[in-house]
Amino acid sequence: MNNFIASTFVGTWQKATFESARLVQDWKTFFWKPVDGSTLGIIRALTGSMLLYNLLVWSLRLQAFFASDGLQPLETVRRFYEQSFAYSFWFYVPDQYLMTVHWLCVAIVAMFCVGWQTRITSVLAYVITISYSQRVPVANFGLDQILGMLCLYCAIGPSGLCFSVDRWLQEKKHSRRKTPIPARSSSNVQLSLRLIQIHMCVIYFWAGVAKLKGESWWTGDAMWRVMANQEYQTTDLTWTAWVPWVPYVAAHATVLWEIFFCVLVWNKRLRPLVLLIGTGMHFGIGMFLGMWTFGLIMTYAYFAFSDPITWKRRLAGLFGNQPDHSEAPSSKDLRSRIQPLQTPSSGSLKRLRSVKPIRLRDHVLLLVQQPEVGKAIRAYLKKHDIPALDVRQTEDVESHLKNSKPAVVVILGDHFPTVDIQSLAEKLHHTPIKTLFALTEQQRTELQSLDAIERSMTYPTTMRTLREELTAIMFGSEQAIDDTAQQRPSDDRISSS
Amino acid sequence: MGVLRKFGFVAANIWVAYHIFCVAIAPVGMPPTSPLLSDVSEFARPYNEFFFLNHGYHYFAPDPGGSTLIQCEVPQQTGRNKRLRFPDVEISPRLLYHRYFMLAENVGAFPPDMQAEIFDAYARHFANKMGSDTITLKAVTHNPSSMAAILQGFELSDPETYSYETLGTWKFRNDGSVIRDAVFDAVAEDHSTARIPFEAAPAVDESVAIELVPIAMEENELVQEEAPSADVGVIVSPEDTTDGRSFSAKGLDHE
């Protein structure tokens, strides 16, 4: 009995340790895995252009709105923020310097927009955004909130890493000196993109939940009221009174879409549809309610959900350039282009950190008898962009090979008779498929003379070791692990026990 | 160095978690809310205020209602009142239109004493713009017509869809300061109401004809109203112009 309790306790403890270690690893991967800076660069350029436009529009009525005795009296606004932590540099600008300071801000924002001195100008652009907004609180609307949010995240991450003057100057400098061009990927890019994604989920969720408080969103009249609001509308939509199901469907769909955005958008298959609906909704707001600025800024944030590699290829296609192979290899010619690193004798880890993320389309086939182990390995490899399939029986491997061609077949020998492993190894030896055998000490001893097994490792092993082995097989002995910078030897031991 | 780096990484992750908490909790603190949620959101308030993240994101919620506009009226010696209303669809670009729209729409969400001061500012600004020392402000609510009304042939701009509430009448001295007569003082000091009702409004005769003044005009064009130009769309006959009372008060507006 005591032994049972002890073993149960130890088992639970081990499981808890395993799960918590995996949770930490998942958190790290989710927030800190280095990714290409293209999408953040696009977001910076678009947000910067909207902010620039916003400031230029303020130029038309700067005195009226921002002068100390203007439409938003300075003393009144300051008193409003007395008990608050809000701030604005406009509180300290005398009226005679309004225009000077304003045009200085325009110049800084223009620099931010084109990505010049982005590390500094991104922070300044953020301060400028909230300073303008908090100086004229009565004149604020959704545009200011989203501008503030995007500028904050552009300031947190290296938003000048791509599509920027900074990058252009850097490349020019390095090509002149014939030194390697620094990486375009960064873990802080990932952090910024993740925060934008989460923030968008929060915005839509609360926008949807707040609508549930209103009766008109339940009766379906809400969308009609919006459409029939003459102060908002730019196009007459009263024809919908004759087809009332249009505003009704639009009202209900809006609430459902907003509330469930935070769930659906994480599903990669549904994501394009979810974002397409959102884009349609915001373009509708722009077209019919005249709020193009708000509609557009919301869709700019959608770039955070897009795959940077795909976008780079699209942009390259758009401008008639070849994709930048040094940064983002495509799946088709991945193997032919990837060469082993010229690893220096020392500091190899540092060198590895500069290696760009690799996206892999070819899958790995896992032979593993226990479903939960197979599932855990698949999930882990998927996070590292290595698609994997798992099968349970040796026969399944053979039938799978008839229909597809995996990059590597991994055989987890534990729970399989040695004779079956031997038979499978001999069959696979006559195919061009690369194999990796993870064998117990006993199996390795028994099969050590078998020539059919070219690569093997000891099982149980860690996820990381397995991934390193796979990466080495697929890309060469020293070829990169994309996120080495953030990884530590994992405790995620693969074991069937 | 390794320890420092590790400490920095842990600190960064704690910040990430706190940031997400603050962003997610901010809308919860917006009324109506329970004391519990209010207290929880209070924990994030300083952070959200500092980083301009204290938003409710209640777009068109809970119920989309009518629009609020502000109407400014100034009396003319000829007996024709001049009227200006914002937002005005003539304002361009559209973003500027929305700024004026928010001036009318959002002011009700601010504390009453702040509203009073903002209405003072509106009155001063638009009195100057319209070249008068006396101005009456009205809050105009434009309710959207129902589907049934549209089906019966009514229009969105039908007069019955508008309702008016007089906010007050302001009279300014030459230096731009407000002349507070006894009636005004009695009302203005009562900040407990959302708006300042001022029923007397003797300066504006509602029965007389009204001249619309487009807000889209630049301020300096309005100051030069005595010699209006046709291209700005102001139809003001010479006898309708201001009588040159010295409250054009250029010092009030620096544009």
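Sequence order sets the numbering: in each chain, residues are counted from 1 along the sequence as written. Going through the entries in the order they are written, you letter the chains from A and number the ligands from 1. With pLDDT at 70 or above as the cut-off, local features in this predicted model cover only qualifying residues; side-chain atom pairs require 80 or more to be listed or tallied, and sums for whole chains, interfaces and linings still use all residues. Just so you know, side-chain values use all the structure's heavy atoms and leave hydrogens and water out.

Q: Lay out unusual backbone geometry with the relevant residues and their values.
A: Backbone torsion omega between Phe86(B) and Pro87(B) reads 5 degrees, so that peptide bond is classified as cis. Inspection of the secondary structure puts Pro87(B) in the loop between strand S2 (81–86) and helix H3 (94–106). Across the junction of Ser92(B) and Pro93(B), the peptide omega takes the value 0 degrees, indicating a cis bond. Think of it this way: any DSSP run of H or I at least four residues long counts as a helix, any run of E at least two long counts as a strand, and we number them from the N terminus. Structurally, Pro93(B) can be placed in the loop between S2 and H3. Phi at His415(A) takes a positive value of approximately 75 degrees, unusual for a residue other than glycine. Structurally, the position occupied by His415(A) is in the loop between strand S5 (408–412) and helix H20 (418–429). The backbone of Phe52(B) shows a phi angle near 60 degrees, a positive value even though the residue is not glycine.

Q: Break down the interface of chain A and chain B for me, with residues and values.
A: The accessible area lost on association of the parts is a frequent measure of interface size. Opposite the 85 residues of chain A that make contact, chain B presents 77 residues. The contact between chain A and chain B buries some 7200 Å² in all, and 66% of this surface belongs to carbon and sulfur atoms. Its largest share of buried area at the contact with chain B, chain A owes to Arg61(A), Val138(A) and Glu231(A), together 11% of the area lost on that side. The salt bridge criterion pairs a side-chain nitrogen of Lys or Arg with a carboxyl oxygen of Asp or Glu, the two atoms within 4 Å. Our count for the chain A to chain B interface comes out at two salt bridges. Residue Arg79(A) pairs with Glu117(B) through a salt bridge whose shortest N-O separation is 2.2 Å. Side-chain atoms alone can form a polar contact between residues adjacent in sequence; in general such a contact is a pair of N or O atoms within 3.5 Å, and within protein one must be able to donate a hydrogen while the other accepts it. Our count for the contact surface shared by chain A and chain B stands at 31 residue pairs in polar contact (both at pLDDT 80 or more). Counting residues per element, the side of chain A that touches chain B draws most heavily on helix H9 (residues 187–212) of chain A, which supplies ten residues. For this classification, Asp, Glu, Lys and Arg are treated as charged, while Ala, Val, Leu, Ile, Met, Phe, Trp, Tyr, Cys and Pro are nonpolar and the rest, including Gly, are polar. Broken down by class, the residue content of the side of chain A that touches chain B amounts to 50 nonpolar, 24 polar and eleven charged. We call two residues in contact when some of their heavy atoms are within 4.5 Å. Throughout, the accessible surface (probe 1.4 Å) given up by two parts as they are put together, summed over both, is called the buried area.

Q: Go over the sheet that holds S5(A) with me, naming the residues and quoting the values.
A: The strands making up a sheet are joined through hydrogen bonds of the backbone, oriented either antiparallel or parallel. Residues and elements named next belong to chain A. With respect to topology, five strands assemble into an open sheet ordered S4-S3-S5-S6-S7, the strand pairing being parallel. Every interior strand has two partners, whereas the edge strands, strand S4 (388–391) and strand S7 (456–458), have only one. Averaged over neighbouring strand pairs, the angle between their axes works out to 20 degrees when direction is ignored. Being paired, for any two strands, means DSSP has found at least two bridges between them. Here three bridges tie strand S6 (residues 434–439) to S7, and the two strands are oriented parallel to one another. To get an axis, a line is fitted to the C-alpha atoms, and for a helix only the part in contact is used. The angle between two axes follows their N-to-C directions and goes from 0 to 180 degrees.

Q: Tell me about the packing of aromatic side chains, residues and numbers included.
A: Only rings of Phe, Tyr and Trp enter the pairing, Trp through its six-membered ring, and a pair is recorded when the two centres are within 6.5 Å. The plane angle decides the type: under 30 degrees is stacked, over 60 is edge-to-face, the rest tilted. For the structure shown, the criterion picks out 39 aromatic pairs over all chains. Aromatic rings pair up to connect Trp58(A), Phe65(A), Phe66(A), Phe89(A), Trp90(A), Tyr132(A), Phe86(B), Tyr100(B), Phe119(B), Tyr122(B) and Phe126(B) into one cluster. It is Arg194(A) that lies over the ring of Phe30(A); its NZ or CZ is 3.9 Å from the centre. Whether a charge sits over a ring comes down to the Lys NZ or Arg CZ being within 6 Å of the ring centre and within 35 degrees of the ring normal. Between Lys211(A) and the ring centre of Trp217(A), over which it is positioned, the NZ or CZ distance is 5.2 Å.

Q: Describe helix H7 (residues 142–156) of chain A, listing the residues and the values that go with them.
A: For H7(A), spanning 15 residues, the distance from its first C-alpha to its last is 22 Å, which sits close to the expected 21 Å at 1.5 Å a residue. Relative accessibility decides the category of a residue: with a 1.4 Å probe and only protein chains considered, values under 20% of the type maximum give buried, values over 50% give exposed, and everything between is partly exposed. Taken across its 15 residues, H7(A) has 14 buried, putting it largely inside the fold. Multiplying 1.5 Å by the helix residue count minus one yields the expected span of that helix.

Q: Residues and numbers for the state of the cysteines, please.
A: By definition, disulfides here are pairs of cysteine sulfur atoms that lie within 2.5 Å. Following the criterion strictly, the structure yields zero disulfides over all chains and no others. Here Cys262(A) stays unpaired: no disulfide links it, and the sulfur of Cys201(A), its closest cysteine neighbor, is 5.7 Å away.

Q: Outline the pairing of S6(A), listing residues and values.
A: Residue and element names in this part refer to chain A. Burial of S6 is extensive: five of the six residues sit out of reach of the surface. Both S5 and S6 contribute to a ladder of five bridges, which runs parallel. Among the inter-strand pairings, Val410 is bridged to a residue of S6, identified as Leu436. The handedness rule is simple: strands pointing away from the viewer, and a clockwise path from the first strand over the helix to the second, make the crossover right-handed. Read from S5 through H20 to S6, the crossover connection turns out right-handed. In the classification by handedness, the crossover that spans S6, the intervening helix H21 (residues 441–447) and the parallel S7 is right-handed.

Q: Tell me about the confidence of the model for chain A, and name the residues and values.
A: All names here are of chain A. Every residue is assigned a pLDDT by the predictor, reflecting its confidence on a scale from 0 to 100. This prediction gives chain A a mean pLDDT of 83; 86% of its residues lie at or above 70. Segment residues 323–346: pLDDT under 50, and 40 contacts once partners within four positions in sequence are set aside and those in other chains are kept. Confidence over residues 477–491 falls short of pLDDT 50; this stretch has 50 contacts with residues more than four positions distant or in other chains.

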